[in-house]
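Descriptive analysis of the structure
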Amino acid sequence: RKKVAPLLEKERPSVVGISITHTSEFVPVFTLAHLIKTKYPETHICLGGATATEVVHRIRNNRPLWDFFDSIIMGPGERAFSELVEHIETGKAG
């Protein structure tokens, strides 16, 4: 929190991508997402990573979790995330 909050205040990103690469990261990931959404509710939070892809069916069907993030990218996300950022920042459909 001490490291992330000042960075968010300085940068004010319109999109934040959070990768989940191991199940032990779920609590820290949702804690971070909650911190961001509480202070900057307009920020689009996108989850991704190998573990998110593996359990996407559980995340997708758990509606309370969607208070913490806005989208999930399944599988390799480099191109999809770039297109998402472009769409959000420019308003263009991709």
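None of the values given here were measured: they were computed from a predicted structure.

1. Observations concerning unusual backbone geometry
Its identity is not glycine, yet Arg12 carries a phi of approximately 50°, on the positive side. Positionally, Arg12 belongs in the loop between helix H1 (4–11) and strand E1 (15–19).

2. Side note on the layout of surface pockets
One number sums up the size of the largest pocket: a volume of about 200 Å³. The wall of the largest pocket is formed by Gly17, Ile18, Ser19, Cys46, Leu47, Gly48, Gly49, Ala50, Ile73, Gly75, Gly77 and Phe81. Looking at the lining of the largest pocket, the elements with two or more residues in it are E1 and strand E2 (44–48). A breakdown of the residues in the lining of the largest pocket according to their chemical character gives 6 nonpolar, 6 polar and no charged.

3. So, the pairing of E1
Across 5 bridges, E1 lies against E2 in parallel orientation. What sits directly across from Ser19, in E2, is Gly48. For the crossover from E1 across helix H2 (residues 26–39) to E2, the handedness is right-handed.

4. Quick word on the packing of aromatic side chains
Under the criterion given, the structure shown has 4 aromatic pairs. Where Phe26 meets Phe30, the ring centres are 6.2 Å apart and the plane angle is 10°; that geometry is what we call stacked. Taken together, the positions of Phe26 and Phe30, both in helix H2 and 4 residues apart, correspond to about one turn of that helix. Phe30 carries the same exposure label as Phe26, and that label is buried. Each ring, one from Trp66 and one from Phe69, has its centre 4.4 Å from the other, and the planes form 40°; the classification is tilted.

So, how was this worked out
Residues numbered from 1 in each chain as written. Predicted model: local features only at pLDDT ≥ 70, side-chain atom pairs only at ≥ 80, totals over all residues. Heavy atoms only, no water. Helix = DSSP H or I, 4+ residues; strand = E, 2+ residues; numbered from the N terminus. 1 Å grid on protein atoms, 1.4 Å probe; cavity = no way out; pocket = protein on both sides within 12 Å on 5 of 7 lines; lining within 4 Å. Points joined across faces, edges and corners; volume = space filled by probe spheres on them. Nonpolar A, V, L, I, M, F, W, Y, C, P; charged D, E, K, R; others polar. Pairing = 2+ DSSP bridges. Right-handed = clockwise from strand over helix to strand, strands pointing away. Phe/Tyr/Trp six-rings, centres within 6.5 Å; stacked < 30°, edge-to-face > 60°. Buried < 20%, exposed > 50% of the residue type's maximum accessible area, 1.4 Å probe, protein only.

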